[in-house]
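Okay, here's what each chain looks like letter by letter:
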Amino acid sequence: MKTTIKHPVFVLSDNVDTDQIYPGRYLDLTAPEDLKKHCLEGVDETLAARFEQDDIIVAGRNFGCGSSREHAPIALKAMGASVIIAESFARIFYRNAINLGLPLLVCPGAAAALQNGDVAQVDIAAGTVTLPDGRVLVGEKVSEHAMNILSAGGIKPLMRAQLEK
Amino acid sequence: MAMHAIQKILAKAAGKPSVQAGEIVTAKVDLGEVNDLYLQTIYSFYEMGAEKVSDPDKIIFVFDHYAPAPTINAAQIHKEMRAFVQEQGLTRHFDIDAGVCHQVMPEAGRVRPGMVLVATDSHTTTHGAFGAFGTGVGATDMAAIMATGELWFRVPSVMKIRLEGQPGPKVLPKDVALKCLEQVRADGAVYQAIEFCGSYVEALDVPGRMVVCNLAVEMGAKTAYMQPNQAVLDYVNERTQYPYEVVYTDPDFEYTREVVIDVNGLSPQIAVPWSVDNVKPIEEVDAVAFDQGFIGACTGGRFEDIHEAYEILKGKHIAPGRRLVIIPASKEVMAKAADTGEMQALMQAGATFCAPGCGPCLGVHEGLLTKGERCITASNRNFPGRMGSTQAEIYLASPATVAASMLTGVLTDPRTV
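Residues numbered from 1 in each chain as written. Chains lettered and ligands numbered in written order. Predicted model: local features only at pLDDT ≥ 70, side-chain atom pairs only at ≥ 80, totals over all residues. Heavy atoms only, no water.

1. Quick word on the packing of aromatic side chains
Counting across every chain of the model gives 15 aromatic pairs over all chains. An aromatic cluster of three or more residues is present, and its members are Phe63(A), Phe89(A), Phe93(A), Tyr94(A) and Tyr191(B). Over the ring of Trp152(B) we find Arg95(A); its NZ or CZ atom is 3.9 Å from the centre of that ring. Lying across the ring of Tyr235(B), Arg239(B) places its NZ or CZ 4.4 Å from the centre. (Phe/Tyr/Trp six-rings, centres within 6.5 Å; stacked < 30°, edge-to-face > 60°. Lys NZ or Arg CZ within 6 Å of the ring centre and 35° of its normal.)

2. Here's the deal with the sheet that holds strand E10 (residues 223-225) of chain B
Residues and elements named next belong to chain B. Ordered by their spatial adjacency, four strands build an open sheet running E10-E9-E8-E11, and the pairing between neighbours is parallel. At either margin of the open sheet sits one strand with a lone partner, and together these are E10 and strand E11 (258-262). For this sheet the average axis-to-axis angle between neighbouring strands, irrespective of direction, equals 20°. In terms of strand pairing, strand E8 (residues 157-164) meets strand E9 (residues 192-197) through six bridges, oriented parallel. If you follow Met159 over to E9, its bridge partner there is Ile194. (Pairing = 2+ DSSP bridges. Helix = DSSP H or I, 4+ residues; strand = E, 2+ residues; numbered from the N terminus. Axes fitted to C-alpha atoms, helices over the stretch in contact; angles between N-to-C directions.)

3. Re the pattern of salt bridges
Scanning the entire structure with this criterion turns up 28 salt bridges over all chains. Salt-bridge contacts for Glu33(A) lead to Lys36(A); the nearest nitrogen and oxygen are separated by 3.1 Å. Two residues, Lys314(B) and Glu311(B), come together in a salt bridge whose shortest N-O distance is 3.3 Å. Among the ionic contacts, a cluster of salt bridges with common partners joins Asp19(A), Arg69(A) and Arg386(B). (Salt bridge = Lys/Arg side-chain N within 4 Å of Asp/Glu carboxyl O.)

4. Quick word on the interface of chain B and chain A
The partner chain A presents 38 residues to the 46 residues of chain B that form the contact. Of the roughly 3,500 Å² buried where chain B meets chain A, counting both sides, 53% is carbon and sulfur surface. The tally of links from chain B across to chain A stands at four salt bridges. Here chain B and chain A share 22 residue pairs in polar contact (both at pLDDT 80 or more) between them. Within the residue set of the side of chain B that touches chain A, elements represented by two or more residues are helix H2 (39-47), helix H3 (72-88), strand E6 (133-136), helix H5 (139-148) and strand E7 (150-154) of chain B. (Contact = heavy atoms within 4.5 Å. Buried area = accessible area lost by both parts, 1.4 Å probe. Polar contact = N/O pair within 3.5 Å; in protein donor to acceptor, adjacent residues only side chain to side chain.)

5. Regarding helix H7 (residues 144-151) of chain A
For H7(A), every residue scored as buried is listed here: Ala146(A), Met147(A), Ile149(A) and Leu150(A). Mapping the buried residues of H7(A) onto a view down its axis gives an arc of 160°, with all of them on the same face. Facing away from the buried surface of H7(A) by more than 90 degrees, the exposed residues are Glu144(A) and Ser151(A). The elements touched by buried residues of H7(A) are helix H5 (91-100) and helix H8 (155-164) of chain A together with E7 of chain B. (Buried < 20%, exposed > 50% of the residue type's maximum accessible area, 1.4 Å probe, protein only. Arc of directions from axis to C-beta.)

6. So, the environment of Gly66(A)
Here Gly66(A) shows up in the loop between strand E2 (56-59) and helix H4 (71-79). By relative accessible area, Gly66(A) is classed as buried at 16%. Considering only alpha carbons, one finds Gly66(A) and Phe93(A), 27 residues apart in sequence, at a separation of 8.6 Å. Setting aside anything within four residues of it in sequence, one finds Gly66(A) in contact with Thr18(A), Ser122(B), Arg381(B) and Phe383(B).

7. Structural notes on the pairing of E2(A)
Residue and element names in this part refer to chain A. Of the two faces of E2, both are covered, the one formed by Ile56 and Val58 as well as the one formed by Ile57 and Ala59. Bridge count for strand E1 (residues 4-11) against E2 is three bridges, and the pairing is parallel. Of the residues in E2, the one forming a bridge with Phe10 is Ile57. Read as a crossover between parallel neighbours, the route from E2 over H4 to strand E3 (residues 83-86) is right-handed. (Right-handed = clockwise from strand over helix to strand, strands pointing away.)

8. Points about the domain arrangement of chain B
Residues and elements named next belong to chain B. Considered domain by domain, chain B is made up of domain 1 (5-260) and domain 2 (272-416). With centres defined by C-alpha atoms, the gap from domain 1 to domain 2 works out at 25 Å. Tallying the contact residues gives 37 residues for domain 1 and 36 residues for domain 2. Around 3,100 Å² of area is buried between domain 1 and domain 2 when both sides are counted, 59% of it from carbon and sulfur atoms. On the domain 1 side of the contact with domain 2, Val100, Lys170 and Lys174 bury the most area, a combined 20% of that side's loss. Applying the counting criterion to the domain 1 and domain 2 interface returns five salt bridges. Between Asp97 and Lys331 there is a salt bridge whose closest N-O contact spans 2.7 Å. Remark: the boundary between domain 1 and domain 2 carries 16 residue pairs in polar contact (both at pLDDT 80 or more). Contributing elements (two or more residues each) for the side of domain 1 that touches domain 2: helix H4 (101-107), helix H6 (173-184) and helix H8 (206-214). Among the elements that make up the side of domain 1 that touches domain 2, the one with the highest residue count is H6 (five residues). (Domains from an automatic or database assignment.)

9. Some thoughts on unusual backbone geometry
All names here are of chain B. Between Ala67 and the following residue, Pro68, the backbone shows a cis peptide bond with an omega angle of -15°. As for its position among the elements, Pro68 is in the loop between strand E3 (59-62) and H3. Going from Pro273 to Trp274, the amide bond is cis rather than trans, its omega being 5°. When you line up the elements, Trp274 lands in the loop between strand E12 (269-271) and strand E13 (279-281). Here the phi dihedral of Lys170 falls at roughly 70°; this positive angle occurs in a residue that is not glycine. Topologically, Lys170 is positioned in the loop between E8 and H6.

This is the structure:
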């Protein structure tokens, strides 16, 4: 996991739910390479094609609300999202993303301060977002428990180590 | 320190004398349920290096979202999951004939007070109706449960929604739940548990309790809880072979907040596009026309829901050019609707019945919407694209309001028909 990222952002609204992140009609796909083509199709059908590796998603409140489908964070990760910043996250989405090693940052004010295409600098360990004008927004630090999972590259490597004992 | 019943359930499952909100615990899971959107669970299980399910009696697969398989890919998912059930020797399996997981698990006696139930479905909050700790997870968390029988949880704080009074005829638990959503909003309970209590809840039957707890997740809640009443104990005692214990909250437990809602005189409630908390009383919503009505899913597919439609539509017919899809939540529900003759009467009234399962609720089959169409539904989500096109509008309502609106073709108060 990269702990500092400097990349363009895609800014989304409040309550972006898992149906918008990954529409139900594609749930029978299983390969991440197939999933990523439909990522965020419910918000903007052209977004996945314009998204570049390590770009950043910035959203409002309650990002990832709705279904428990793991397809949503799998698609976001496969599309290349390096980190997702939001005012708040829905809890199942939060767990799913951390389990996959996809970093999330709770940072109030980021969605209002950034516009599509702005380049933001994110320090995941410090929980900060540096805006294009140099201002620094301080978000919530990722909990120690979640950071341990992220640092290991997700829950699967941790489980592998546990099961081998 | 005073604990809530939910916290006591987690503490016991974690082998600890007490826990407090915010603490991370590893708890034993009494039942893990995997639905057929989650082939990834099996992949994650093997990617973790696991070989055998830790307890084949504590993991069940329910085929409901894709029952029966609508696509070749879905058929492949079923095939691989069936093979896993066989290889692992899982003691109980619910194939495409069974119904929606949140209905078939209680019917089969697998849900009981005081248990920890985790499923790969957000609406697992439903089982708070039985005084259980029920919560939804994704595929990889479930794979960890399959491998070890345990999962980590952050112990939630608890907010209380006190529901007092009794609404009038044709105003249903779904209306009460939508009213709660209007008050609490879609993220009002994120990372918290919601306890529903008050005179309305104490008098509520099992299906009604399931509806209210089902929608707790739409408020962001990790889990829901209702103290079991006699109706719950009767239901569970009739069905379960497993021992259980009813857990009680300490009298001096401190809730994060309390919301009080008087449901006396409540009007039917409607969640208008595009969010579950965009709720208005029916009097404040334009009498828009609907192309389709849907009664079904884990929220609105129980016998009591179908019965409400029967009461409104028997001997009548839905409006010309309209379509009403009814999907019983389980085989047991469908059999009862058939035995009572209500299914036949509803078919004569113009309803289309499909086999038990989730149906069009999540936009995969059996009644999808195209752009420009409008649907009124007893299910649970009205996000853009939830039931098909992102340009189709979804209105959430009670099954009585769905039936009344299909009778006239436009949004109609069920108290007036």
